[in-house]
Amino acid sequence: AQSVAQPEDQVNVAEGNPLTVKCTYSVSGNPYLFWYVQYPNRGLQFLLKYITGDNLVKGSYGFEAEFNKSQTSFHLKKPSALVSDSALYFCAGGPRDNQGGKLIFGQGTELSVKP
Amino acid sequence: DTAVSQTPKYLVTQMGNDKSIKCEQNLGHDTMYWYKQDSKKFLKIMFSYNNKELIINETVPNRFSPKSPDKAHLNLHINSLELGDSAVYFCASSNSFRVWPQISFHFGNGTRLTVT
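Here goes a summary of the coordinates provided.

Cut-offs applied
- Residues numbered from 1 in each chain as written.
- Chains lettered and ligands numbered in written order.
- Predicted model: local features only at pLDDT ≥ 70, side-chain atom pairs only at ≥ 80, totals over all residues.
- Heavy atoms only, no water.
- Pairing = 2+ DSSP bridges.
- Helix = DSSP H or I, 4+ residues; strand = E, 2+ residues; numbered from the N terminus.
- Axes fitted to C-alpha atoms, helices over the stretch in contact; angles between N-to-C directions.
- Core = buried A, V, L, I, M, F, W, Y, C linked by side-chain atoms within 4.5 Å.
- Buried < 20%, exposed > 50% of the residue type's maximum accessible area, 1.4 Å probe, protein only.
- Salt bridge = Lys/Arg side-chain N within 4 Å of Asp/Glu carboxyl O.
- Contact = heavy atoms within 4.5 Å.
- Buried area = accessible area lost by both parts, 1.4 Å probe.
- Polar contact = N/O pair within 3.5 Å; in protein donor to acceptor, adjacent residues only side chain to side chain.
- Nonpolar A, V, L, I, M, F, W, Y, C, P; charged D, E, K, R; others polar.
- Phe/Tyr/Trp six-rings, centres within 6.5 Å; stacked < 30°, edge-to-face > 60°.
- Disulfide = S-S within 2.5 Å.

1. Some points on the sheet that holds strand β8 (residues 75-78) of chain B
All names here are of chain B.
Part 1 of the argument: Overall, antiparallel pairing links the 4 strands, which are arranged β1-β3-β8-β7 in an open sheet. Of all strands in the sheet, those bounded by a partner on one side alone are β1 (4-7) and β7 (64-67). The mean inter-strand angle of the sheet, taken between neighbouring strand axes irrespective of direction, is 15°.
Part 2 of the argument: With 3 bridges joining them, strand β3 (residues 19-25) and β8 adopt antiparallel strand pairing. The residue bridging K19 from the neighbouring strand is I78, located in β8.

2. Some words on the nonpolar core
Part 1 of the argument: Membership of the largest hydrophobic core comes to 27 residues, with the highest contact counts inside it found for W35, L47, L48, F74, L76 and Y89 of chain A.
Part 2 of the argument: Of all elements in the fold, only β2 (10-14), β3 (19-21), β5 (32-38), β6 (44-50), β8 (64-68), β9 (73-78), β10 (87-94) and β12 (109-114) of chain A reach the threshold of two or more residues within this core.

3. What to know about the pairing of β10 of chain A
For a regular strand, the rule is simple: side chains alternate between the two faces of the sheet.
All names here are of chain A.
Part 1 of the argument: Taking burial as the measure, the 8 residues of β10 include 8 buried ones, the bulk of the element.
Part 2 of the argument: Relative to β10, β5 runs antiparallel, the two being bridged by 7 bridges. Paired with L33 across the two strands is G93, which belongs to β10.
Part 3 of the argument: Where β10 and strand β11 (residues 104-105) come together, 2 bridges link them in antiparallel fashion. What sits directly across from A92, in β11, is F105.

4. Concerning the pattern of salt bridges
Residues and elements named next belong to chain B.
Part 1 of the argument: Inspection of every chain in the model, using the stated rule, returns 6 salt bridges over all chains.
Part 2 of the argument: Note that D85 and R63 form a salt bridge whose closest N and O atoms lie 2.8 Å from each other. You can see D85 sitting in the loop between β8 and β9 (87-94) and its partner R63 sitting in the loop between β6 (53-57) and β7, a full 22 residues away along the chain.
Part 3 of the argument: Linked by salt bridges that have partners in common, R63, E82 and D85 make up one network.

5. Section: the interface of chain B and chain A
Part 1 of the argument: In this complex, chain B contributes 23 residues to the contact, which on the side of chain A involves 24 residues.
Part 2 of the argument: Buried area between chain B and chain A, summed over both chains or domains, comes out near 2000 Å², and the portion from carbon and sulfur atoms is 60%.
Part 3 of the argument: Here chain B is connected to chain A by 1 salt bridge.
Part 4 of the argument: The salt bridge involving K102 of chain A is made with E58 of chain B; its shortest N-O contact spans 2.6 Å.
Part 5 of the argument: At the junction of chain B and chain A, the tally comes to 7 residue pairs in polar contact (both at pLDDT 80 or more).
Part 6 of the argument: Looking at the side of chain B that touches chain A, the elements with two or more residues in it are β4 (31-37), β5 (43-50), β6 and β10 (105-107) of chain B.
Part 7 of the argument: Its residues assigned to classes, the side of chain B that touches chain A comprises 15 nonpolar, 5 polar and 3 charged.

6. Points about the packing of aromatic side chains
Part 1 of the argument: Considering all chains together, one arrives at 17 aromatic pairs over all chains under this definition.
Part 2 of the argument: Ring geometry for Y25 of chain A against F67 of chain A: centres 5.9 Å apart, planes inclined by 15°, an arrangement best described as stacked. Placement of Y25 of chain A in strand β4 (residues 24-26) and of F67 of chain A in strand β8 is noted, with a sequence separation of 42 residues between them.
Part 3 of the argument: Judged by centre distance (5.3 Å) and plane angle (55°), the ring pair of Y33 of chain B and F105 of chain B falls under tilted. Here Y33 of chain B, found in strand β4, pairs with F105 of chain B, found in strand β10; they are 72 residues apart in sequence, far enough to count as distant. Pair check on accessibility: Y33 of chain B and F105 of chain B agree, each one buried.
Part 4 of the argument: An aromatic cluster is defined as three or more aromatic residues linked by ring pairs; in this entry it consists of Y32, F34, Y36, F46, F90 and F105 of chain A together with Y33, Y35, W100, F105 and F107 of chain B.

7. Quick word on the state of the cysteines
Residues and elements named next belong to chain B.
Part 1 of the argument: With the rule as written, the count across this model stands at 2 disulfides over all chains.
Part 2 of the argument: The residue that forms a disulfide with C23 is C91, at a sulfur-sulfur distance of 1.8 Å. When the S-S torsion is -80°, as for the bridge of C23 with C91, the disulfide is left-handed. Here C23, found in strand β3, pairs with C91, found in strand β9; they are 68 residues apart in sequence, far enough to count as distant. With respect to burial, C23 and C91 carry one shared label: buried.

Have a look at this one:
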């Protein structure tokens, strides 16, 4: 079965410090991978995606993610965290032969950035 | 203007009732989706429709019946509600799934369903 995993339920970071939110995948072939952010009582907002090419993908709000095929990972990173980055983050993926646009989501990681 | 709007935002009802959640998108997208987010925040696709045609039906109980009167609307009707149906239901839309992965998803703000 295809899956996406986020091993940490919660990540706590001090403002100004770098942050990493981890994601690993088990998706057939070379998957397409995405990161979304969810603020309280809101829908998911797109941050970035990996399709092909450069393994380092830059996205919205200063976030970036690195695709690592050997480790089957797609960790989300930011060099300097802001309190306003506190939210729920979802990694998602889909196979290259996706039928129907289905996204397979990880279980989400709550990021808390303290002043 | 809200791109993907869902109504109602909150829905509290008793077991056994029938309820509907409505979703509309004004983005001109061809494909619409329903996702369920459970109490542990886990998100799972339920259905996708492309231009009123069912594309994905992810082994959801047949008490759940999506209806797409036109490509801008995808409503979710739930019969005989059960306690386990309590969750947040998200509607989403995208440009046609056929252009995967050049696909841009837009999510609604969710409908929190509580079954008592």
